[in-house]
Structures are given as C-alpha cells and as structure tokens.
Amino acid sequence: MPKEVEGVDQVFKAMADPNRRKVLDLLYANNGQTLSSLCEQLDMQRQSATQHIEILIKANLVTVVWKGREKLHFINPVPIYEVYARWVRKFEENRLGFLHDLKTQLEGEDHGTT
C-alpha cells in the first residue's frame, strides 16, 4: 500500500472514534494540553485516554512537545486538511459550480440588472 494511502487510512480510522474526535475538539479549543488536563475532560481512565491519544499521534493528528517535565499535546490540522482537499473539496466545487450556473440562469443574460 502506498505511504500516502496508508496515512489517509490512519486519519480516517483515528477520526472514526467519537472519543478521539473529542480529544481533537478539546485540543482545538485549548491547544497544548497535558495528558492530565485532557483526562479531566474525558469520561475515561488515564490508560484508555493514552491509548486514544497514541492512535491520534500515529495518524499525525496530534503532536507532542516536551516543556520541561510536561508533555504537551497539540492538534495537527494538516492531515485533516489533506483529507478535505482530496475527498471533500472536489464535491464542494461541483455543488458551488451548480449553484453559480443556477444563479446565472435565474438572473438571465443581464445578470440581475434592469
């Protein structure tokens, strides 16, 4: 399997779980949190939270930065954007093109001027 496909698969698998999506939401709201801080906001044991976060790290959705003795977690939006660019944007462009064409037809040749 090509590396690019494998990476996209990991992103989809990581985001398929609601607990991991919640971790991403928490980091989006307050980036750079410790594991303890994240665990306080999640309804699960520390070990379970760690397992979910490790999956997010492997999918490159979360990065870790050590600040002294603290391990801070940061969201990495790039893989999400790559999924958007490949799988969502192309469908959105068709829809927007259709809406533009419809607007042009409804307004007629004079483009809404009288």
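Scroll up for the structure.
Since we're looking at a predicted model, the values are computed, not measured.

## With respect to a nonpolar patch on the surface
Judged by side-chain polarity, Leu96, Phe98, Leu99, Leu102 and Leu106 come together as a nonpolar surface patch covering roughly 510 Å² of accessible area. Along the chain, Leu106 turns up in helix 5 (residues 78–107). Using a relative accessible area of 69% as the deciding quantity, one classes Leu106 as exposed.

## A look at the packing of aromatic side chains
Enumeration over the complete set of coordinates arrives at 1 aromatic pair. The interplanar angle of 40° and the centroid separation of 6.0 Å between the aromatic rings of Tyr81 and Tyr84 together place this pair among those described as tilted. Of this pair, Tyr81 and Tyr84 both sit in helix 5, 3 residues apart, roughly one helical turn. According to the relative accessible area criterion, Tyr81 is partly exposed, its value standing at 46%.

## As for the side chain of His52
Checked against the element boundaries, His52 lands in helix 4 (residues 46–58). If we skip the residues at most four places from it in the chain, His52 touches Asp17, Asn19, Arg20 and Met44.

## A short note on the packing of helix 2 (residues 18–29) against helix 4
As a packed pair, helix 2 and helix 4 sit with axes 10 Å apart at the nearest point and diverge in direction by 75°. Taken together, the axis directions place helix 2 and helix 4 in an arrangement best described as roughly perpendicular. Between helix 2 and helix 4, the contacting residues are Asn19, Arg20, Val23 and Leu24 on the first element and His52, Ile53, Ile55 and Leu56 on the second. By residue class, the composition of the contact of helix 2 with helix 4 is 5 nonpolar, 2 polar and 1 charged.

## Quick word on the pattern of salt bridges
Once the charged atoms of two side chains with opposite charge are near each other, the side chains can pair. Across all of its chains, the model carries 1 salt bridge by this definition. For Glu107, the salt bridge goes to Lys103, with nearest N and O atoms at 3.3 Å. With a gap of 4 residues between them, Glu107 and Lys103 both fall in helix 5, about one helical turn apart. The exposure class of Lys103 is partly exposed, given its relative accessible area of 48%.

## So, helix 2
Taking 1.5 Å per residue as the helical rise, helix 2 with its 12 residues ought to reach 16 Å, and the 16 Å between its terminal C-alpha atoms agrees with that figure. Among all positions in helix 2, only Arg20, Val23, Leu24, Leu26 and Leu27 are buried. Viewed along the axis of helix 2, the buried residues span an arc of 160°, placing them on a single side of the element. Exposed residues lying more than 90 degrees from the buried face of helix 2 are Asp25, Tyr28 and Ala29.

## Structural notes on the pairing of strand 2 (residues 70–75)
Side chains on a regular strand alternate between the two faces of the sheet. Pairing of strand 1 (residues 62–67) with strand 2 involves 6 bridges; the strand directions are antiparallel. Considered in strand 2, the bridge of Val65 is made with Leu72. Taking the residues between adjacent antiparallel strands as the criterion, strand 1 and strand 2 are bridged by 2 residues, where Gly68 takes a positive phi near 65°.

Conventions used here
- Residues numbered from 1 in each chain as written.
- Predicted model: local features only at pLDDT ≥ 70, side-chain atom pairs only at ≥ 80, totals over all residues.
- Heavy atoms only, no water.
- Patch = residues over 30% accessible without salt bridge, like charges linked within 9 Å, V, L, I, M, F, W, Y side chains within 5 Å.
- Areas by Shrake-Rupley, 256 points an atom, 1.4 Å probe, with all protein chains shown as cover.
- Salt bridge = Lys/Arg side-chain N within 4 Å of Asp/Glu carboxyl O.
- Helix = DSSP H or I, 4+ residues; strand = E, 2+ residues; numbered from the N terminus.
- Buried < 20%, exposed > 50% of the residue type's maximum accessible area, 1.4 Å probe, protein only.
- Phe/Tyr/Trp six-rings, centres within 6.5 Å; stacked < 30°, edge-to-face > 60°.
- Contact = heavy atoms within 4.5 Å.
- Axes fitted to C-alpha atoms, helices over the stretch in contact; angles between N-to-C directions.
- Parallel < 35°, antiparallel > 145°, perpendicular 65-115°, else oblique.
- Nonpolar A, V, L, I, M, F, W, Y, C, P; charged D, E, K, R; others polar.
- Expected span 1.5 Å × (residues − 1).
- Arc of directions from axis to C-beta.
- Pairing = 2+ DSSP bridges.

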